[in-house]
Amino acid sequence: MARLSMVEAINSTLHELMAKDDRIVVLGEDVGVDGGVFRATVGLIEKFGAERVIDTPLAESTIVGAAIGMAIYGMRPVAEIQFDGFMFNAFDHIYSHASRMRNRSQGLYGVPLVIRAPYGAGVRALEHHSDAPEALFAHIPGLKVVIPSTPSDAKGLLTASIKDPDTVIFLEPKRLYRLFKAEVPEGDHQVPLGKARLVREGHDVTVVTYGGMVPICEKAAQHVASEGVEAEVIDLRTVWPFDVVAVEESVKKTGRLVIVHEAPRSVSISAEIAATIGERCLLSLLSPIKRVTGYDVIPPLSKLEDYNYPDSERIVRAIHDSMQF
């Protein structure tokens, strides 16, 4: 197995899949000649040419609109949006067309489209560059929302997303692009969409998270383990539809639940998980469900970034509160 960073795994996956399937095209701002703002598409235009690696105008609506047409026609487009905060310029196409085409055509047409975007905070970026909009897309019927946390999962989830018959919003945590390297399976490697990953086994409290918060939750779990508390950490990987069974089984075992994400707290993925577990596992809960999230504010600029997003100390406090209830 090769040891790759997340961005290297994404680049390698695109190279592998495009070589096997000439229906796959990549389009977006600077994806060709410059290899993408984070270098995720470097080398593709040299290998596959400008007809399959398309540098587009600075027009997200055009990128996604054109990709929807390609997908309906039978291609497998991968549309890159340079930063998650720019996705809203294409929101009408995503909401009104990509998510509804199968229903609108009574199953005659699907939109096998992957929309990739660097996601979240952690690199002290500018305004509109550190958003966490996953809940907005999760609310739209017909879409899947995927957020990897490891290089191996980045490959496996991206492969499954490109092969999926419908539209997938694929959000790539910027803070994890080059944070570490890990072994990535060679050849065909798929991670099923909608299936969570057990990061760390435990029996005292369940910690559910995803994306850039996974290593931070791991750090918190290691800290409380030194105090004799064994936290079970679950990485959702697909935040919608999320793996209800995995979370439910874990909570029935531990009796406690802490949910962690960097997106704002209100009307969020954590709210949906909390409501679902409250409905399914009320009699198994030994303490109230705790949520550790970003605050309900516009993503702050770099000086205040550390104050807004969960860190291991906030997660440890939530675990303590749950255990001491």
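A brief structural summary.

Thresholds, definitions, all that
Residues numbered from 1 in each chain as written. Predicted model: local features only at pLDDT ≥ 70, side-chain atom pairs only at ≥ 80, totals over all residues. Heavy atoms only, no water. Buried < 20%, exposed > 50% of the residue type's maximum accessible area, 1.4 Å probe, protein only. Helix = DSSP H or I, 4+ residues; strand = E, 2+ residues; numbered from the N terminus. Pairing = 2+ DSSP bridges. Axes fitted to C-alpha atoms, helices over the stretch in contact; angles between N-to-C directions. Contact = heavy atoms within 4.5 Å.

**Let's talk about the pairing of strand β2 (residues 24-28)**
Within β2, 5 of the 5 residues are buried, which leaves it mostly tucked inside the rest of the structure. Neither face of β2 is open: one carries I24, V26 and G28, the other V25 and L27, and all of them are buried. As judged from the 5 bridges shared by β2 and strand β4 (residues 76-80), these two strands associate in the parallel manner. Paired with G28 across the two strands is E80, which belongs to β4. Here 3 bridges tie β2 to strand β3 (residues 53-55), and the two strands are oriented parallel to one another. Following the sheet pairing, L27 is matched in β3 by I54.

**Thoughts on the sheet that holds strand β5 (residues 114-119)**
Sheet architecture is open: 7 strands sit in the order β3-β2-β4-β5-β7-β6-β12, paired in mixed fashion. Strands with a single pairing partner mark the edges of an open sheet, and in this sheet they are β3 and β12 (238-240). Taking each pair of neighbouring strands and ignoring which way they run, the sheet shows an average axis angle of 20 degrees. Pairing analysis gives 2 bridges linking strand β6 (residues 144-146) to β12, with the strands arranged antiparallel. Directly across from V146, in β12, lies its bridge partner T238. The strands touched by helix α7 (residues 151-163) are β2, β4, β5, β6, β7 (168-173) and β12; relative to β7, the strand with the most contacts, the crossing angle is about 160 degrees.

**Quick look at unusual backbone geometry**
Cis peptide bonds are those with omega within 30 degrees of zero, and the linkage from W240 to P241 qualifies with -5 degrees. Mapped onto the elements of the fold, P241 is located in the loop between β12 and α9 (244-254). Positive phi outside glycine occurs at D30, with the angle close to 65 degrees. Along the chain, D30 turns up in the loop between β2 and α2 (44-48).

**Remarks on the sheet that holds strand β14 (residues 290-294)**
An order of β9-β11-β10-β13-β14 is seen for the 5 strands of this open sheet, with the pairing classed as mixed. The open sheet terminates on both sides in strands that have one partner only, identified here as β9 (197-200) and β14. Across the sheet, the axes of successive neighbouring strands diverge by a mean angle of 25 degrees, strand direction being ignored. Two elements, strand β13 (residues 257-264) and β14, share 4 bridges in a ladder whose sense is parallel. Bridging from a neighbouring strand, V258 pairs with K290 of β14. Relative to β13, helix α10 (residues 269-281) is tilted by about 155 degrees, and along the sheet it contacts β10 (205-209), β13 and β14.

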